[in-house]
Amino acid sequence: MVNSSHTTVKSLRLAAALGLVAGVAVTAGRAQEPHSTVADLIQTASIKAALAAARASEPQTIDDQIRFCEIPAPSFKEAARGAELRKAFQELGLQNVRVDAAGNVLGDRPGAAPRPRLVVAAHLDTVFPEGTDVHVKRDGAMLYGPGIGDDCRGLGVLVATIRALKQASVETPGSITFVADVGEEGLGDLRGMKQLFNDTMKGQIDRFVSIDSTGLSITNVAVASHRYRVTFKGPGGHSFGAFGLANPIDAMGRAIAKIAEFQVPGEPRTTFNVGRVGGGTSVNSIPFEAWMEVDLRSRDRASLASLDASFHKAVDAAVVEENERWRTPGVITAVKDLVGDRPAGSTPSDAPIVQTAIAVARAVGISAGLSEGSTDANVPMSLRIPAVTIGGGGRGVDGHALTEAFDATDAWKGTQNAVLLTIALAQK
Ligand SMILES: [Zn+2]
């Protein structure tokens, strides 16, 4: 997950204008909107008890967070950690606990009616490859370990939410499905969410919340991305004897130089990145293959499309240039494989689900800004299903790095936030 904050003041003014800050949207005519106000909800005894339970069991939440983190779960290898979440779902009494075709772990908490149905999710996978030491070190409120924040904090808060609703015997008008999903990171390409919305629970989801990483922001804008693996090929040969052969690494170098010069708008934020390169045979060989992985992003569909077109043009031109350099047309070739396609989308800041998230944050004593990011919520947002991503509380350090850490100071506020939002969005 990557995000950046914007328009907090503007949305609060909007909320004030709509008379919504303390409560949930009751604007005339929209179906599926939660109708009880947050202010009313927090007066309810069982909900007060759930919030108290969320705070009181934070030490357990941290223990769970560490336990999940110490089970390696690189993208495509989430099964072992998934099994641990499945056990937790079963122990906490969720119904119909199951694993779907992608490896997502699901468990239901029926309400008075099957609809509206809320899905609350957190992702199982991390960016860290197999073999990474995922042991967590603790020093006071600080936890150190790869993935401890992203997204073991989300998984810990997901389980804590189920536990708090159970301990306080909260009943909801609508039904909830909790999901520990696969493939949020990197080349996982949101495959868990794509499976969930396009197959496992197709047409059954009315609202969606993902708990991703740390902090307290609300992500309501999805940053789209196209990711490519480009493979350059050539005949290869002896670096001395065959000198004069076109070289796939040179072609790649030419392409990277062109990409590095791309001019992109600052607003809407649009970015490009050559993240990984590889290839070559030996120092004394002209290589027969080289590859690179490229990340193109924007929260604006048109900006991403034009960046995508520039990318294709740059790679094609680089191949032509390298072949022309050695007057060997067609000797070097390049194949561009789309290995990641994350849709753009957004949930408007005046949408009930966003206003509810702001009101809930306020009710538990935190001010949550709106932000944009690439998260599991990209999929429902692109399908125009009301969706947000929230942070799991606490403070994260060095996400996606081996030095990742989590500061658990006041982290219980994030847990309370998730508990109350879950209850508020499971209302009629
Ligand atoms: Zn994440």
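Residues numbered from 1 in each chain as written. Predicted model: local features only at pLDDT ≥ 70, side-chain atom pairs only at ≥ 80, totals over all residues. Heavy atoms only, no water.

**Q** Got a minute to help me understand the overall build of the protein in this structure?
**A** A count of helical and extended segments in the protein gives twelve helices and 20 strands. For 428 residues, the compact-globule estimate of 2.2 N^0.38 gives 22 Å, and the C-alpha radius of gyration of the protein, at 24 Å, lies within 12% of that figure. Taken along its principal axes, the extent of the C-alpha atoms in the protein is 85 × 45 × 40 Å. Here the protein holds 428 residues, and the buried ones make up 55% of them. Sequence-distant contacts in the protein: of pairs separated by 6 or more residues, those separated by 24 or more amount to 80%. Total accessible area computed for the protein in this model is approximately 17300 Å², and 54% of it derives from carbon and sulfur atoms. (Helix = DSSP H or I, 4+ residues; strand = E, 2+ residues; numbered from the N terminus. Rg over C-alpha atoms; globule rule 2.2 N^0.38 Å. Buried < 20%, exposed > 50% of the residue type's maximum accessible area, 1.4 Å probe, protein only. Contact = heavy atoms within 4.5 Å. Areas by Shrake-Rupley, 256 points an atom, 1.4 Å probe, with all protein chains shown as cover.)

**Q** Is there a simple way to explain the confidence of the model for the protein in this structure?
**A** In low-pLDDT segments, the atomic positions of the prediction should not be examined closely. For the protein, mean pLDDT is 93; residues scoring 70 or higher make up 92% of the total. Within the model, the stretch residues 1-33 combines pLDDT values under 50 with 78 contacts to residues more than four positions away or in other chains. (pLDDT = per-residue confidence, 0-100.)

**Q** How should I be thinking about the coordination of the zinc ion in this particular structure?
**A** The expected angle between donors at a tetrahedral four-coordinate metal is 109.5 degrees. At an octahedral six-coordinate metal it is 90 or 180 degrees. Within the protein, His123 (NE2), Asp150 (OD) and Asp212 (OD) serve as the donor atoms for the zinc ion, at 1.9 to 2.2 Å. Spacing between the donor residues of the zinc ion along their common chain follows H-x26-D-x61-D. Of the two residues, His123 sits in strand E4 (residues 117-123) while Asp150 sits in the loop between strand E6 (142-144) and helix H6 (152-167), which places them 27 residues apart along the sequence. Asp150 matches His123 in its accessibility class, with the two residues each being buried. (Donors = N, O, S within 2.8 Å, 3.2 Å for Na, K, Ca; no water.)

**Q** Can you walk me through the packing of helix H8 (residues 248-260) against helix H9 (residues 301-325) in this structure?
**A** Packed helix pairs are specified by the crossing angle of their axes together with the interaxial distance, meaning the distance between the axes. Direction vectors running N to C along H8 and H9 enclose 140°, while the axes themselves pass 8 Å from each other. What the angle tells us is that H8 and H9 run oblique. As H8 runs across H9, the sense of the crossing is right-handed. Along the contact surface, H8 presents Asp250, Ala251, Arg254, Ala255, Lys258 and Ile259, while H9 presents Phe311, Ala314, Val315, Ala317, Ala318, Glu321, Glu322 and Arg325. (Axes fitted to C-alpha atoms, helices over the stretch in contact; angles between N-to-C directions. Parallel < 35°, antiparallel > 145°, perpendicular 65-115°, else oblique. Left-handed = near helix turned anticlockwise from the far one by under 90°.)

**Q** I tried to follow unusual backbone geometry on my own but got confused; where do I start?
**A** Peptide bonds are, in most cases, trans, and in most cases residues other than glycine have a negative phi. Between Arg115 and the following residue, Pro116, the backbone shows a cis peptide bond with an omega angle of -5°. Inspection of the secondary structure assignment puts Pro116 in the loop between strand E3 (105-109) and E4. Across the junction of Asp150 and Asp151, the peptide omega takes the value 15°, indicating a cis bond. Mapping Asp151 onto the fold places it in the loop between E6 and H6. Here the phi dihedral of Leu190 falls at roughly 60°; this positive angle occurs in a residue that is not glycine.

**Q** I keep staring at the sheet that holds strand E19 (residues 395-397) and nothing clicks. Help me out?
**A** Adjacent strands of a sheet pair through backbone hydrogen bonds, lying either parallel or antiparallel. Strand order in the open sheet formed by four strands is E5-E6-E20-E19, and the pairing between neighbours is antiparallel. Either end of the sheet is taken by a strand with one partner, and the two such strands are strand E5 (137-139) and E19. Sheet twist, expressed as the average angle between the axes of neighbouring strands with direction ignored, equals 20°. With three bridges joining them, E5 and E6 adopt antiparallel strand pairing. Within E6, the residue paired with Lys137 across the bridge is Tyr144. (Pairing = 2+ DSSP bridges.)

**Q** What exactly am I supposed to notice about the pattern of salt bridges here?
**A** Side chains that differ in charge, positive against negative, can pair when their charged atoms come close. Taken as a whole and assessed by the stated rule, the structure comprises 23 salt bridges. Here Arg67 makes a salt bridge to Glu84, at a shortest N to O gap of 2.8 Å. In this pair, Arg67 sits in helix H4 (residues 58-69) while Glu84 sits in helix H5 (residues 79-91), placing the two residues 17 residues apart along the sequence. For Glu84, a relative accessible area of 14% puts it in the buried group. Between Glu293 and Arg229 there is a salt bridge, with the nearest N and O atoms lying 2.9 Å from each other. (Salt bridge = Lys/Arg side-chain N within 4 Å of Asp/Glu carboxyl O.)

**Q** So what exactly am I meant to see when it comes to the environment of Phe272 here?
**A** The residue Phe272 is located in strand E12 (residues 270-279) in this model. According to the relative accessible area criterion, Phe272 is partly exposed, its value standing at 25%. Separated by 27 residues in sequence, Phe272 and Leu245 have C-alpha atoms that sit 31 Å apart. Every residue in contact with Phe272, bar those within four places of it in the chain, is listed here: Ile259, Ala260, Phe262, Val264, Asp295, Leu296 and Leu307.

**Q** Mind showing me how you'd approach the sheet that holds strand E10 (residues 224-233) here?
**A** Pairing is antiparallel in the open sheet, where four strands are placed in the order E12-E14-E10-E15. Each edge of the sheet is formed by a strand with only one pairing partner; in this case those strands are E12 and strand E15 (333-342). The average angle at which neighbouring strand axes cross in this sheet is 15°, direction not considered.

**Q** When you look at the packing of aromatic side chains in this model, what are you seeing that I'm missing?
**A** Each aromatic ring pair is summarised here by two numbers: the centre-to-centre distance and the angle between the ring planes. Under the defined criterion, the tally for this structure stands at four aromatic pairs. Aromatic pair Tyr228 and Phe311: ring centres 4.6 Å apart, planes at 25°, arrangement stacked. Note that Tyr228 is positioned in strand E10 and Phe311 in helix H9, a separation of 83 residues in sequence. Taken individually, Tyr228 and Phe311 each receive the classification buried, so the pair is uniform in this respect. Geometry around Trp326 places Arg325 over its ring, the cationic atom sitting 3.8 Å from the centre. (Phe/Tyr/Trp six-rings, centres within 6.5 Å; stacked < 30°, edge-to-face > 60°. Lys NZ or Arg CZ within 6 Å of the ring centre and 35° of its normal.)

**Q** Where do I start with the environment of Ala224 in this structure?
**A** Locating Ala224 in the fold gives a position in strand E10. When sequence neighbours within four positions are dropped, the list of residues in contact with Ala224 reads Leu296, Arg297, Ser298, Arg299, Leu304, Arg342, Pro343, Ala344 and Asn378.

**Q** What's the story with the nonpolar core in this structure? I'm lost.
**A** Soluble globular proteins tend to bury their nonpolar side chains together. In this structure, Leu85, Phe89, Phe178, Ile218 and Val419 are the most contacted members of the largest nonpolar core, which totals 68 residues. Among the elements that take part in this core, H6 stands out by supplying eight residues, more than any other. Discounting chain neighbours no more than four positions away, the residues touching Phe89 are Leu94, Val97, Val105, Leu106, Gly107, Leu158, Ile162, Phe178, Val179 and Ala180. Judged by nonpolar contacts, the second largest core, of 24 residues, contains Ile259, Ala290, Ala314 and Ile332. (Core = buried A, V, L, I, M, F, W, Y, C linked by side-chain atoms within 4.5 Å.)

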